[in-house]
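# Geometric and topological summary
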Amino acid sequence: RYWCTPGDCNDQGNTRMKVVGIIPARMGSIRYPNKPMARIHGMPMIGHCYHRTRLASGIEKTYVATCDEEIATYVREIGGLAVMTSTDHTRATTRTAEAMECIEAEIGERVDLVVMVQGDEPLVLPATIAETLDSFNDPTVEIVNIMSRFRTQESFVDKNNVKVVVKQNNDALYFSREPIPSIWRGSKGVPMYMQTGIIAFRRDTLMRFNKLEESKLEQIESVDMNRILESGGQIRMVLTESVTIGVDTPQELKDAEKVMNDDPTLNQYLMR
């Protein structure tokens, strides 16, 4: 059994939990090579992700997990913390798990929660990241994933964007690169939600994930979280109304820069 039942879960109660942010990033993306260092408003994208994560309330420290020295060097230059990880990872979540173990070894204590912010989410708001933590007041919640609304039909059918359908309690039912739910009977009233790369884990849940083999649906869809669903786990989805763009193409980089023009968060860290 990989996922705890409500009676088995460790209820942290009102005890202050140790929370770290981890940003997995690598230069060798197949769809967009070297994208962590692609510049938005003059700053590499990974820099935006780092600063926005460190600004999130409730996160004690933020680390960038990478196998590339170029990324690590840049992060250290801006005063951040970098963790070198294996070059063998094919999933952001397994890279995050390795980084968490390295961090625990370095600080000499266990963390309670890990908030993973993928290095291609430059528009994520600190408040959105912090919002993942509220759901852990429910001791049965093990994983929290932010989702946003699709605003165009074009983005809904784009296979670069991961769609999610949810239960009435907002737990995930399935993730796909296909447009789900189907709009074959018309799109009016169809809930169109996009998974973002902002996912928070209880520490032991992340470790259990890391010990599982990749699942069939995970491989077919190229979505880590399907491994959780196939093995019987639950993922609480939290809706944000803010605009999110997971950058997978040069055009999406330009789109993100345009949206960021009106984002006051930028002024909290960008030296103009």
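Presented here is an overview of the structure given in this document. Each chain has its residues counted from 1, following the order in which its sequence is written. Per-residue local features are limited, in this predicted model, to residues with pLDDT of at least 70; the limit for side-chain atom pairs, both in listing and counting, is 80 or more; totals at the level of whole chains, interfaces and linings are taken over all residues. Excluding hydrogens and water, the side-chain figures rest on all heavy atoms present in the structure.

## Topic: the overall build of the protein chain
Every helix listed is a DSSP run of H or I at least four residues long, and every strand listed is a run of E at least two residues long, numbered separately from the N terminus. Within the protein chain one finds nine helices and eleven strands. Between the two quantities, the radius of gyration covers C-alpha atoms and the globule rule is 2.2 Å times the number of residues to the power 0.38. Its C-alpha atoms give the protein chain a radius of gyration of 18 Å, within 12% of the compact-globule value 19 Å for 272 residues. Overall size of the protein chain, expressed as C-alpha extent along the three principal axes, is 45 × 45 × 35 Å. Contact criterion: two residues are considered in contact whenever any of their non-hydrogen atoms come within 4.5 Å of each other. Sequence-distant contacts, at least 24 apart, represent 70% of the contacts inside the protein chain between residues at least 6 apart.

## Looking at the pattern of salt bridges
Side-chain pairing between opposite charges can occur once the charged atoms of the two side chains come close. By convention in these notes, a salt bridge is any Lys or Arg side-chain nitrogen within 4 Å of a carboxyl oxygen on Asp or Glu. In the structure shown here, the tally under the stated rule is 16 salt bridges. Two residues, Lys159 and Glu178, come together in a salt bridge whose shortest N-O distance is 3.6 Å. Here the residue Lys159 occupies a position in the loop between α5 (153-157) and β8 (163-166), and Glu178 occupies one in the loop between β9 (172-176) and β10 (193-202), the gap between them amounting to 19 residues. Here Glu178 falls in the partly exposed class, since its relative accessible area comes to 38%. Taken together, the shared-partner salt bridges connect Arg91, Glu214, Glu218 and Arg227 into one network. Each residue is assigned to one of three classes by its accessible area relative to the maximum for its type, calculated with a 1.4 Å probe on protein chains only: buried under 20%, partly exposed between the two thresholds, exposed over 50%.

## Focus on unusual backbone geometry
The phi angle of most residues is negative, glycine excepted, and most peptide bonds adopt the trans form. With an omega of -5°, the peptide bond between Ile180 and Pro181 qualifies as cis. Summarising the element assignment, Pro181 is placed in the loop between β9 and β10. Unusually for a residue other than glycine, His41 sits at a positive phi of about 55°. Checked against the element boundaries, His41 lands in the loop between β2 (39-40) and β3 (43-44). Given a relative accessible area of 23%, His41 falls into the partly exposed group.

## Some remarks on helix α2 (residues 69-77)
All buried positions along α2 are accounted for by Ile71, Ala72, Tyr74 and Val75. For α2, the angular spread of buried residues about the axis comes to 165°, placing them on one side. Buried residues along α2 sit against β1 (19-25), β3, α1 (45-54), β4 (61-66) and β5 (81-84). Immediately beyond the C-terminal end of α2, within one or two residues, lies Gly79, with a positive phi of roughly 90°. The directions from the helix axis to the C-beta atoms form the arc being described.

## Considerations on the packing of helix α3 (residues 92-107) against helix α6 (residues 203-211)
All axes are obtained by fitting lines to C-alpha atoms, using only the stretch in contact for helices, and the reported angles, taken between N-to-C directions, cover 0 to 180 degrees. Two elements in contact, α3 and α6, have axes whose closest approach is 9 Å; the angle formed by their N-to-C orientations is 125°. Between α3 and α6, the interaxial angle falls into the category oblique. Seen along the crossing, α3 lies across α6 with a hand that is left-handed. Counting all contacts with α3, which are made through Thr93, Thr94, Thr96, Ala97, Met100, Glu101 and Glu104, the residues of α6 involved are Arg203, Leu206, Met207, Phe209 and Asn210. Residues are grouped as follows: nonpolar covers Ala, Val, Leu, Ile, Met, Phe, Trp, Tyr, Cys and Pro; charged covers Asp, Glu, Lys and Arg; every other residue, Gly included, is treated as polar. Class assignment of the residues belonging to the contact of α3 with α6 gives a composition of five nonpolar, four polar and three charged. Working definition: roughly parallel below 35 degrees, roughly antiparallel above 145 degrees, roughly perpendicular at 65 to 115 degrees, and oblique for all remaining angles. Here a crossing is called left-handed whenever its near helix is offset anticlockwise from the far helix by less than a right angle, and right-handed whenever the offset is clockwise.

## Concerning the state of the cysteines
Here, the term disulfide refers to a pair of cysteine sulfur atoms separated by no more than 2.5 Å. For the structure shown, the criterion picks out zero disulfides. Summary of cysteine pairing: Cys49 is not part of a disulfide, and the nearest cysteine sulfur, belonging to Cys67, is at 16 Å. Counting only cysteine sulfurs, Cys102 is the nearest neighbor of Cys67, a cysteine outside any disulfide, at a range of 13 Å.

## Points about the packing of aromatic side chains
Aromatic rings from Phe, Tyr and Trp, taking only the six-membered ring of Trp, are treated as a pair when their centres fall within 6.5 Å; an angle between ring planes under 30 degrees marks them as stacked, one over 60 as edge-to-face, and anything in between as tilted. According to the stated counting rule, one finds one aromatic pair in the structure shown. Aromatic side chains Phe150 and Phe156 sit 5.4 Å apart centroid to centroid with 65° between the ring planes, which places their arrangement in the edge-to-face category. Like Phe150, the residue Phe156 is buried in the burial classification.

## A word on the pairing of strand β7 (residues 143-149)
Burial analysis of β7 places six of its seven residues in the buried class, which makes it a mostly covered element. Note: two strands are recorded as paired if DSSP finds a minimum of 2 bridges between them. As judged from the six bridges shared by β7 and β10, these two strands associate in the antiparallel manner. Bridged to Met147 within β10 is Gln195. With five bridges joining them, β7 and strand β11 (residues 236-240) adopt parallel strand pairing. Its bridge partner being in β11, Met147 is matched across the sheet by Leu239.

Everything listed here is a matter of geometry and, on its own, says nothing about what the molecule does.
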